[in-house]
Amino acid sequence: MISREKTERSMRSLVLASSVGTVIEWYDFFLYGSLAIFFARLFYPPGDDVAATLISVATFATGFAVRPLGSLIFGYMGDSVGRKTTFLITLLIMGCSTAAIGLLPTFATAGYVAPVLLILLRIVQGLALGGEYGGAATYVAEHSPPGERGKWASYIQAMASGGFVLSLGMVLILRVWLGEDAFGTWGWRIPFLVSFILVAVSLRIRLRLSESPVFVEMHKQGKLSKSPVCDAFRIPGNARRILLFLFGVACAQAVTFYTAQFYALYYIQTFMKVPFLPATLSVAVGAFLGVPFFVLFGALSDRIGRKRLSLVGMAAAVLLYIPIFSIIRHAITPENTSYATISACVFALVVIAAAVYGPYGAFIVESFPANVRYTSISVPYHIGNGIFGGFLPLVSLWLVTETGNPYAGLLYPMGLCLIGFFVTLFWVPETLNVRKGERTRIVSLSHEGIGEG
C-alpha cells in the first residue's frame, strides 16, 4: 500500500511537471488561433473581410504545415540525446517565438513586412511544437506503472485542450478588462508577452525532472539508435505501422480535436455572425467542461482497450456532427441566441474528440519500439495534426463559402473519421495487452512485435 501511494505521488509530480510545459506550449501555439479572425484586420490589407479572414486562417495553418518537419528534427534529438533535453529545447523555442509575436508591427505601420514576419514566427512555433508532444507523451508513458499508462498519458492530451481554454480565457479577460479599443490598439500584445513569464516558470519545473528510465537503460546498454529517423523507417514493419497509425487513429484524432475547438469557434463567428466575446465565451465554457473526459477516457482505455474507445469516437463524429451543428444553427437567431446551447454542443464535440484523443498517448507509445519511439510517435501525430487537422478550419470554411451549404465544411472531418475508422478497425492492432515490464525492456533493430519496448 505504501509503495502504491509513493508511486501515485511520484506520478502526479512527474505528470504535473510535464503537463505544465505542455499546456504552456499549446497556449502559445493556440493564441494566434484564438485571435485569427481578429488578426485579419491587424496584419492583412483592408478591403475584403472574407479574403482577409481566409488568409489569416491560412497563416494559422502554416504553423501546422511545418510540424512534420519539426517532428523529424526533434524526434532525432529525442531518440539520440534524450527525452528531457529535447522537450526543454522545444519549450524555449516556442516561448521566445510566441513572445516575439507580441512585439510585431501591424500592417498599418509596416505594410507587407508585418504578415511576412508573422508567418515566419508561426513557422518557428510549428517546428517547436513538432517536438513537444512526442517528448511529453513518451516521457510520461515510459514512467507509468503497468496497467495505468492510459490514465497517466491522457493528461498530456488533456493539456492540449487546456492550452486552448487558457488562450481563450486570457483573450476574454483582457478584452473585457481593457475594452475593445485598447485591446485592438495594444492589449492584444499582452497574452503573447506573458509567454516569457510562463515559459520561465515551466522551465524551472522541468529542469528538476530526471531522464526517462527507458532512455537511461538504452544508454547504459548501448542500444540507442545512431540514426533514429532512418531506423524508424528501416525496422521491419515499423514504416507500415507509422502509415497505418497516421491514416487510422492519427487523422481522426486531428480532425475531431480541431472541429471541436477551432472550427466550431470560427464557424460561429464567421457564418453565424455571433460577436467575438459571446462566441469565444460559449466555446471556452464547452471546451473547459470537456477537459476531464480526456483523462476519463484515458483511464477507461486501461480497462477496455485503446482501439475500442477510439473507434467509438470516430463513429460518433460521423453520425453526430451534422446534428450537433444543426442544433448550433437553430440556437442562433436574429432575435435570440442560446449561448448555453452553443456551450453544450461544443462540450459534446469535445467529448467525441476525447474518446479518440484520451487513449491516444498510450496507444501510440505502445505501438512503437523504444529506441525509435520519439521519432515514430512524432511523425504520424504531427502529420495528422499538422496537415489533416491544421488545414481543417481553412478547408472547411472554404467549402461552406464556395457551396453556400452550412454543413459542407463537415464533410472534411467526417470523411477522414470514416477512413480512420476502417483503417483502425482492420489494420491497427490493440496494444493494451502488450507484455508487462516493458518499461525496462529494450527493443533492438530487429523483428520486434508491435507495442514492445
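Here, every reference points to the structure presented above.
Residues numbered from 1 in each chain as written. Predicted model: local features only at pLDDT ≥ 70, side-chain atom pairs only at ≥ 80, totals over all residues. Heavy atoms only, no water.

Caption draft 1: Here's a closer look at the environment of Val229. Locating Val229 in the fold gives a position in helix 12 (residues 228-234). Between the C-alpha atoms of Val229 and Asp79, which are 150 residues apart in sequence, the distance is 8.9 Å. (Helix = DSSP H or I, 4+ residues; strand = E, 2+ residues; numbered from the N terminus.)

Caption draft 2: Quick look at the state of the cysteines. Counting across every chain of the model gives zero disulfides. We note that Cys417 lacks a disulfide partner, and the nearest cysteine sulfur, in Cys251, lies 7.2 Å from it. (Disulfide = S-S within 2.5 Å.)

Caption draft 3: Representation of the packing of aromatic side chains. Scanning all chains against the criterion turns up 38 aromatic pairs. Arranged with centres 5.7 Å apart and planes meeting at 85°, the rings of Phe43 and Trp188 form a pair that is edge-to-face. Of the two residues, Phe43 sits in helix 1 (residues 2-43) while Trp188 sits in the loop between helix 8 (180-185) and helix 9 (190-193), which places them 145 residues apart along the sequence. Note on Phe293 and Phe347: the rings are 5.5 Å apart at their centroids and 75° apart in plane angle, and the pair reads as edge-to-face. Pair noted here: Phe293 is in helix 15 (residues 292-304) and Phe347 is in helix 17 (residues 339-357), with a separation of 54 residues, a long-range link. Residue classification places Phe293 among the partly exposed residues on the basis of a relative accessible area of 25%. Across from the ring centre of Phe276, 3.8 Å away, lies the NZ or CZ of Arg175, which sits over that ring. (Phe/Tyr/Trp six-rings, centres within 6.5 Å; stacked < 30°, edge-to-face > 60°. Buried < 20%, exposed > 50% of the residue type's maximum accessible area, 1.4 Å probe, protein only. Lys NZ or Arg CZ within 6 Å of the ring centre and 35° of its normal.)

Caption draft 4: Expanded view of the pattern of salt bridges. Within the structure shown, the criterion is met by ten salt bridges. With its nearest N and O atoms 2.4 Å apart, the salt bridge here joins Glu180 to Arg175. By relative accessible area, Glu180 is classed as partly exposed at 38%. Here Arg234 makes a salt bridge to Asp231, at a shortest N to O gap of 2.4 Å. In this pair, Arg234 and Asp231 both sit in helix 12, three residues apart, roughly one turn of the helix. Residue Asp231 is classed as buried on the basis of its relative accessible area, which comes to 2%. Linked by salt bridges that have partners in common, Asp79, Arg83, Glu142 and Arg373 make up one network. (Salt bridge = Lys/Arg side-chain N within 4 Å of Asp/Glu carboxyl O.)

Caption draft 5: Structural view of a nonpolar patch on the surface. Nonpolar side chains collect at one region of the surface, where Leu103, Leu193, Phe196, Ile197 and Val201 lie side by side and expose about 490 Å² of accessible area between them. It is helix 10 (residues 195-206) that provides the largest number of residues to the nonpolar patch, a total of three residues. Within the element layout of this structure, Phe196 appears in helix 10. With a relative accessible area of 48%, Phe196 lands in the partly exposed category. (Patch = residues over 30% accessible without salt bridge, like charges linked within 9 Å, V, L, I, M, F, W, Y side chains within 5 Å. Areas by Shrake-Rupley, 256 points an atom, 1.4 Å probe, with all protein chains shown as cover.)

Caption draft 6: Local environment of the side chain of Glu366. Mapped onto the elements, Glu366 comes out in helix 18 (residues 360-366). By relative accessible area, Glu366 is classed as buried at 2%.

Caption draft 7: Fine view of the packing of helix 13 (residues 238-270) against helix 20 (residues 392-403). Relative orientation of the contacting elements helix 13 and helix 20 amounts to 55°, with a least axis distance of 9 Å. It follows from the interaxial angle that helix 13 and helix 20 lie oblique. Helix 13 and helix 20 meet at a crossing whose hand is right-handed. Contacts between helix 13 and helix 20 involve Val255, Tyr258, Thr259, Phe262, Tyr263, Tyr266 and Tyr267 from the first element and Leu392, Pro393, Ser396, Leu397 and Val400 from the second. (Axes fitted to C-alpha atoms, helices over the stretch in contact; angles between N-to-C directions. Parallel < 35°, antiparallel > 145°, perpendicular 65-115°, else oblique. Left-handed = near helix turned anticlockwise from the far one by under 90°. Contact = heavy atoms within 4.5 Å.)

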